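Each chain, written out:
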Amino acid sequence: MPSSASSTLLLELMATSENSQTWGTKTNTNLSILDAAINGTTSISTTGGTTTLTNVDYTNDQAKKSTLDVTGTLVSNATITIPNTSRTYRVFNRTSGAYTLGIKTASGSAITITQSTVATVYC
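Here's a quick rundown of the structure. This is a predicted model, so every value here is computed, not measured.

1. Quick notes on the pairing of strand S5 (residues 67–73)
Next up, step 1: Here strand S3 (residues 41–45) pairs with S5 via five bridges, running parallel. By the bridge assignment, Thr41 is partnered in S5 with Thr67.
Next up, step 2: Bridge count between S5 and strand S7 (residues 88–96): seven bridges; the pairing is parallel. Residue pairing for S7: Val70 is matched across the bridge by Asn93.

Set out below in structure tokens:
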């Protein structure tokens, strides 16, 4: 049975007797993802439009981090699309401009995060 991804953080769940020569490297990657899920920050610079967080199996990418730090001068409304999994994010809206920042899942409705505030968002 090959590896499979965990449902929330997409950690690599290795099958019994699999990866005998790469087990340490794969475990360290999983631990890095867990560390990022607790304390990591994704920095997003935007002027508007939609930014979809990267969320790839077995990878320490944007969606795995617990904090989203959004900056930029908005020239249109901005939307950050997060994965549709049970997660909590801290969102720092450090944008400027006369437009809004929204956070949503691909199939959900955006909630607005007021400029110069921090919000906790749960999916």
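2. Describing the pattern of salt bridges
Next up, step 1: As enumerated under the stated definition, the model contains three salt bridges in all.
Next up, step 2: Here Glu12 ties to Lys26 by a salt bridge, and the two come within 3.4 Å at their closest N and O atoms. With Glu12 in strand S2 (residues 12–13) and Lys26 in helix H1 (residues 23–39), this residue pair connects regions lying 14 residues apart in the sequence.
Next up, step 3: Its relative accessible area of 10% is what places Glu12 among the buried residues.
Next up, step 4: With a closest N to O distance of 2.7 Å, Arg94 and Asp69 form a salt bridge. Of this pair, Arg94 sits in strand S7 while Asp69 sits in strand S5, and the two are 25 residues apart along the sequence.
Next up, step 5: You can call Arg94 exposed: its relative accessible area is 51%.

3. Description of the nonpolar core
Next up, step 1: One finds Leu53, Ile80 and Val91 to be the most contacted residues of the largest nonpolar core, which totals 15 residues.
Next up, step 2: Secondary structure elements with two or more residues in this core: S5, strand S6 (78–82), S7 and strand S8 (101–105).
Next up, step 3: Dropping the residues within four chain positions of it, Val91 is found in contact with Leu68, Val70, Leu101, Ile103, Ile113, Thr117, Val118, Ala119 and Val121.

4. A few points about the environment of Thr29
Next up, step 1: Mapping Thr29 onto the fold places it in helix H1.
Next up, step 2: For Thr29, a relative accessible area of 29% gives the class partly exposed.

5. What to know about the packing of aromatic side chains
Next up, step 1: Per the counting criterion, the structure on display carries zero aromatic pairs.
Next up, step 2: Positioned above the aromatic ring of Tyr89 is the side chain of Arg87, whose terminal nitrogen or guanidinium carbon lies 4.9 Å from the ring centre.

6. Points about the sheet that holds strand S10 (residues 117–122)
Next up, step 1: One open sheet holds the four strands; their spatial order is S3-S5-S7-S10, and the pairing between them is mixed. Single-partner strands in this sheet number two, and they are S3 and S10. Across this sheet, the average inter-strand angle for adjacent strands is 20 degrees, counted without regard to direction.

7. Considerations on H1
Next up, step 1: With 17 residues, H1 should reach 24 Å at 1.5 Å per residue; the first-to-last C-alpha distance of 24 Å fits that figure.
Next up, step 2: Along H1, the positions that sit buried rather than exposed are Thr27, Asn30, Ile33, Ala36 and Ala37.
Next up, step 3: Tucked into the core, H1 has its buried residues touching S2.

8. Remarks on the side chain of Asp69
Next up, step 1: Residue Asp69 is classed as buried on the basis of its relative accessible area, which comes to 15%.
Next up, step 2: There is a polar contact of 2.7 Å between the side chain of Asp69 and the side chain of Arg94.
Next up, step 3: Sequence-distant contacts of Asp69, defined by excluding residues within four places in its chain, comprise Thr41, Thr42, Ser43, Ile44, Phe92 and Arg94.

How each quantity is defined
- Within any chain, residue numbers begin from 1 and follow the written order of that chain's sequence.
- With the structure being a predicted model, the display of local features is reserved for residues of pLDDT at least 70 and the display and counting of side-chain atom pairs for 80 or more, all residues being used for whole-chain, interface and lining totals.
- Calculated side-chain values reflect all of the structure's heavy atoms, with hydrogen atoms and water omitted.
- Two strands are counted as paired when DSSP detects at least two bridges linking them.
- In DSSP terms, a helix is any run of H or I states spanning at least four residues, a strand is any run of E spanning at least two, and both are numbered starting from the N terminus.
- Put simply, a salt bridge is a Lys or Arg side-chain nitrogen that is within 4 Å of an Asp or Glu carboxyl oxygen.
- For each residue, the accessible area found with a 1.4 Å probe, counting protein chains only, is set against the maximum for its type, and the residue is called buried under 20%, exposed over 50%, and partly exposed in between.
- For this analysis, a nonpolar core means a set of buried residues of the types Ala, Val, Leu, Ile, Met, Phe, Trp, Tyr and Cys, connected via side-chain atoms within 4.5 Å.
- Should any heavy atoms of two residues lie within 4.5 Å, those residues are considered in contact.
- Only rings of Phe, Tyr and Trp enter the pairing, Trp through its six-membered ring, and a pair is recorded when the two centres are within 6.5 Å. The plane angle decides the type: under 30 degrees is stacked, over 60 is edge-to-face, the rest tilted.
- Definition used: whenever NZ (Lys) or CZ (Arg) falls within 6 Å of the ring centre and also within 35 degrees of the ring normal, the charge is taken to sit over that ring.
- Angular values range over 0 to 180 degrees, each being the angle between N-to-C directions of two axes fitted as lines to C-alpha atoms, with helices fitted over their stretch in contact.
- What a helix is expected to span follows from its residue count: subtract one and scale by 1.5 Å.
- Pairing of N or O atoms within 3.5 Å defines a polar contact, subject to two protein rules: one partner must be a possible hydrogen donor and the other a possible acceptor, and residues neighboring in sequence count only if both atoms are side-chain atoms.

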